[in-house]
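# Structure at a glance
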Amino acid sequence: MGLDHSFELDRRAEQIDALAAKRKNVIASDQMVEGHYPIFADRAQGAHFWDVDGNKYLDFFLSYGTVILGHADPDVDEAVVREIRRGFATGLMKPIQTELISELLEIIPGAEMGMLLKTGSDATGAAVRLCRAFTGRDRVVRWGYNGWHDWCAQWDHGIPAVSRALVDTFTYNDLDSLRALLERHRGRIACVVMMPFMIERPAPGFLEGVRELTCEHGTLLVFDEIRSGFRLAIGGAQEHYGVTADLVTLSKAFANGYAISALTGRADVLRTLDTVHISSTYYANADAMAAALATVRKLRSGKHLERVRQLGERLQSGLRELVATYRAPMEVVGHPPMPFLDFGFGGEERDQRAKRSFYAATIREGVFLHPNHHWFVSAATTEQDIDTAVRAARSGFEALARDGWLAGERAEAV
Ligand SMILES: Cc1ncc(COP(=O)(O)O)c(C=O)c1O
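Residues numbered from 1 in each chain as written. Predicted model: local features only at pLDDT ≥ 70, side-chain atom pairs only at ≥ 80, totals over all residues. Heavy atoms only, no water.

### Remarks on the sheet that holds strand β10 (residues 261-265)
The strands making up a sheet are joined through hydrogen bonds of the backbone, oriented either antiparallel or parallel. Spatially, β4-β10-β9-β8-β7-β5-β6 is the arrangement adopted by the 7 strands of the open sheet, whose pairing is mixed. In the strand order of this sheet, the two ends are held by β4 (113-117) and β6 (167-169), each with one partner. Neighbour to neighbour, the strand axes of the sheet diverge by 20 degrees on average, direction disregarded. As paired elements, strand β5 (residues 139-143) and strand β7 (residues 189-194) share 5 bridges and run parallel to each other. When the bridges of β7 are listed, Trp143 appears paired with Met194. Helix α8 (residues 175-184) rests against β5, β6 and β7 of the sheet, and its axis sits at about 160 degrees to β7. (Pairing = 2+ DSSP bridges. Helix = DSSP H or I, 4+ residues; strand = E, 2+ residues; numbered from the N terminus. Axes fitted to C-alpha atoms, helices over the stretch in contact; angles between N-to-C directions. Contact = heavy atoms within 4.5 Å.)

What follows is the structure, encoded as structure tokens:
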């Protein structure tokens, strides 16, 4: 089956939908393999989704990692439908809000209080504002992807220089680079906001070192666990690495795809909310809270995260064998629940061309692996699915060999 219907819908969308136009003009060309990846989804179930042309894909993108239990999880969706039928939007608090926050307080290390918001950018933006208000300092140090607001957007265009001038970043796994910033702006840095890791894992002592340095400087530490929370462990990277931040942002796997985020941490910092403006018409809506409560309870009651880790390990070990067999300049990286394949073909431009070769082959086999973003594994994935993915990756390596990317002999017959 082709992608004709996707392309036809896209031609219309790009004329009237600004995000669709941007996807086409700016993002698609360098992130996906244009012409090979589906553009419009039709439906999704478990570990799979179907595009509008009827093609079925084994999904390792999972809506940017939100869908931890698998698409259309019946327990989560039932909880949401029940809440929708009861009228989920009154603007008043419903008891489920307190219930969900007490659940978070049991799970998330360091959580003395919590608040619920809608998106990841909401949560990281709120964390920064609270830290500035609490410390009376303006400057921020950040690392990783933290959202799209002025203080952390990837591109400068459209953002006042004064706003950008207050934010610095440092080098991951290099405590000296963070120490230098904290010393240069001594007494002026409100917080360090960072993902505990992205693809590279923290070196032994690194996160502990960040914790110590921030304490020394009276700077608050915010772990952005929007990707790692409820995935690496139920209590996120804080639980896994045994390092506790002052505040933590959470979203994504929290609600199996529904839009909700949370900010948890020290009560004295969160109580600063009394003095700042952070609000939304939609914060009290209970539909996504129902999804989050059902997701978290399901994750806590079963072995889902252990299963996700084991499946991720199976995928990584299959890929590692292929990398060795094909003697490819590639490396399997990341934590098992969110693995990735690094390409090392001699620079970004060459890597992107090699990726086009590899990922055009894997998507043809019906396996949706993002060329430039973490992959994610869901608890609905099976061992057979993983083996399907490894077989698709083999086709990817074959394509690399055919297109001349792999010089030399293979390690063994394949
Ligand atoms: C670590 C991290 N922080 C913040 C965000 C921003 O979340 P959102 O896209 O919901 O605003 C993301 C989104 O990918 C993320 O991965």
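So, next bit.
### What to know about the sheet that holds strand β1 (residues 41-45)
Taken in spatial order, the 4 strands line up as β1-β2-β3-β13 in an open sheet, and their pairing is mixed. Two strands close off the open sheet at either side, each with one partner strand: β1 and β13 (367-368). As paired strands, β1 and strand β2 (residues 48-51) are joined by 4 bridges and run antiparallel to one another. Opposite Gln45, over in β2, you have His48 as the bridge partner.

### Some thoughts on the domain arrangement of the protein chain
Taken domain by domain, the protein chain holds domain 1 (4-71 + 303-402) and domain 2 (89-285). Centre-to-centre, using C-alpha coordinates, domain 1 lies 28 Å away from domain 2. Listed per partner, the contact involves 22 residues of domain 1 and 17 residues of domain 2. Where domain 1 abuts domain 2, roughly 1800 Å² becomes buried across the two surfaces, and 61% of that area is made up of carbon and sulfur atoms. In this assembly, domain 1 and domain 2 are joined by 0 salt bridges. Counting the contacts that link domain 1 with domain 2 gives 10 residue pairs in polar contact (both at pLDDT 80 or more). Listed by contribution, the elements that provide at least two residues to the side of domain 1 that touches domain 2 are α2 (18-31), α3 (62-65) and α13 (304-325). Across the side of domain 1 that touches domain 2, the residue classes tally to 14 nonpolar, 7 polar and 1 charged. (Domains from an automatic or database assignment. Buried area = accessible area lost by both parts, 1.4 Å probe. Salt bridge = Lys/Arg side-chain N within 4 Å of Asp/Glu carboxyl O. Polar contact = N/O pair within 3.5 Å; in protein donor to acceptor, adjacent residues only side chain to side chain. Nonpolar A, V, L, I, M, F, W, Y, C, P; charged D, E, K, R; others polar.)

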